[in-house]
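# Breakdown of the fold
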Amino acid sequence: MSIRYDVESGVATVTLDRPDALNALVASMKADLLAALTRAAEDDAVRAVLVTGAGKAFSAGQDLREHADNLVAGKGLAGTVRRHYNPIVRTITEMAKPVIAAVNGVAAGAGASLALACDLRIASENAKFAMAFAAIGLAPDSGASWTLPRLVGPAVAAELLMLGDPVSAERARELGLVSRVVPADELAKSARELAVRLAEGPTRAYAATKRALAFGAAHTLSQSLDLEADLQDACAATIDHQAATAAFVAKERPVFHGR
Ligand code: T3D
C-alpha cells in the first residue's frame, strides 16, 4: 500500500507513502488515496483530516513513468483525470470537515493541486511548489485552474501555471499559497497540533464555513447572504453552538462535540 491511514484523537492522517519516487501518483495509489479520503469523510469519529507525504517530498504529481507507458500504449491519460483526480479533489473539497495539507517537501503538478484543494496548508521551510504541467505540455488539472487564482490572483496564477518555476516555501507564504511555514523538524508536530485543534472544534460550523466559502467563490453577494442565513440557522440549532454560548455566559471554556 502506498497510502497510509491512521486515526488518532479525531484526526485522520493520510500519508502518501512512495518516497523513492517522491510520492508520485500511480493508478493504484490514486485509488487508495480516494478510498482513504472517502473513509475519513464518512467516519463521524474523524473531525479533521491531515494529508502529508512520507520522506522528502509531498508529491511529485502524476507518475510520469506510468504516464509514458500509457502514452506508448495509445491509452492517452487512461481516463485518470476523470476517474481519479477529479473524485479526489471533490472528496476533499466537499467533505464536511476541515482538511489540512502538511506540505513537507516538493509539491508538483497534481501533487501541488492536491495541496491547493485542502482547506489549510502548513509548509516546511523545505517545501516548494511547482505547477509542472506546462513543462510537459499539459494544462492544469485537479482543480489548479480554480484554486490557484483564488489563492494568489489571476495574474500570479497565470505566471505560475505558464512558467512553472518552483516557488519556495517562504515565497508561497508571501503569495498566500500557504498560511504558515515552520522549520522542517517542527512540521509534523505543528501540523498535528493544528489538526487536533480543528478536530476539537465546532465541526458543523467548520463544514458550514467551508460550504459558504466555496459558494461565495461562484455566486453574488446577495446569493451568499441568503446561504449564510440558512447556514447560520443550521449552526444555531447545533448542540455545539448552544453549549458554547452557555459556556461563554458562564465564563467557562467551551467543549465541542461536533454535533
Ligand atoms: O495522466 C496524466 O499524466 C494526467 C495528469 C497529470 C497531472 C500531473 O501531475 S502532470 C505533472 C507531473 N509531474 C511532474 O512533471 C514533476 C516531475 N518532477 C520534477 O519536475 C522534479 O522531479 C521535482 C521538481 C518534483 C523534484 O526535483 P528534484 O531535483 O528534487 O528530484 P529529482 O532528482 O528530479 O527526482 C528524484 C527521483 O524522483 C527521480 O528518480 P531517480 O532518477 O532517482 O530514479 C525522478 O525521476 C523521480 N520522479 C520525480 N518526479 C517524478 C518521478 N518519477 C515519476 N514521476 C514523477 N512525476
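Residues numbered from 1 in each chain as written. Predicted model: local features only at pLDDT ≥ 70, side-chain atom pairs only at ≥ 80, totals over all residues. Heavy atoms only, no water.

## Comments concerning the pairing of strand 7 (residues 120–124)
In summary, the side chains of a regular strand alternate between the two faces of the sheet. Filter applied, for reference: The cut-offs for exposure are 20% and 50% of the maximum accessible area for each residue type, with area from a 1.4 Å probe on protein chains only; residues under the lower value are buried, those over the upper are exposed, and the others partly exposed. The helix count covers DSSP runs of H or I at least four residues long, the strand count covers runs of E at least two residues long, and both are numbered beginning at the N terminus. Following DSSP output, two strands are said to pair if at least two bridges run between them.
For strand 7, the tally of buried residues reaches four of five residues, placing the bulk of the element in the interior. Inspection of the sheet shows strand 5 (residues 99–103) paired to strand 7 by four bridges, in the parallel sense. Of the residues in strand 7, the one forming a bridge with A101 is R121. As defined by bridge partners, strand 7 adjoins strand 10 (residues 180–182) across three bridges and the pair is classed as parallel. Across the sheet, S124 pairs through a bridge with V182, a residue of strand 10.

## A few points about the packing of helix 3 (residues 80–94) against helix 4 (residues 110–117)
Which entries qualify depends on this criterion: In this analysis an axis means a line fitted to C-alpha atoms, helices contributing only their contacting stretch, and an angle means the value between N-to-C directions, from 0 to 180 degrees. Roughly parallel here means an angle under 35 degrees, roughly antiparallel means over 145, roughly perpendicular means 65 to 115, and every remaining angle is called oblique. What makes a crossing left-handed is the near helix being turned counterclockwise from the far one by less than a right angle; a clockwise turn instead makes it right-handed. Any two residues whose heavy atoms approach within 4.5 Å at even a single point are treated as in contact. Nonpolar residues are Ala, Val, Leu, Ile, Met, Phe, Trp, Tyr, Cys and Pro. Charged residues are Asp, Glu, Lys and Arg, and all others, Gly as well, are polar.
Taken N-terminus to C-terminus, the directions of helix 3 and helix 4 make an angle of 20°; their axes are 9 Å apart at the nearest point. Classified by the interaxial angle, the pair formed by helix 3 and helix 4 is roughly parallel. The two elements helix 3 and helix 4 meet at a crossing, and its hand is right-handed. Residues Y85, I88, V89, I92 and T93 of helix 3 touch helix 4, and the partners they reach there are A110, L114 and A117. Class assignment for the residues of the contact of helix 3 with helix 4 results in seven nonpolar, one polar and no charged.

## Brief notes about the site of the ligand
Let me state the cut-off plainly: When we say a residue is near a molecule or strand, we mean one of its heavy atoms is within 4 Å of it. Under the rule applied, a polar contact is a pair of N or O atoms within 3.5 Å (in protein, one hydrogen donor and one hydrogen acceptor; residues adjacent in sequence only if both atoms are side-chain atoms). Method for areas: the Shrake-Rupley scheme with a 1.4 Å probe, in which residue coverage is limited to the protein chains shown.
As a matter of local geometry, the ligand sits amid 20 residues, with A60, Q62, L64, H67 and A110 nearest to it. One of the backbone nitrogen or oxygen atoms of A110 is found 2.8 Å away from an oxygen atom of the ligand. Across the complex, the protein chains shield 67% of the 1,000 Å² of accessible surface that the ligand would expose by itself. The leading source of residues in the shell around the ligand is helix 2 (residues 64–72), at three residues. Across the shell around the ligand, the residue classes break down as twelve nonpolar, five polar and three charged.

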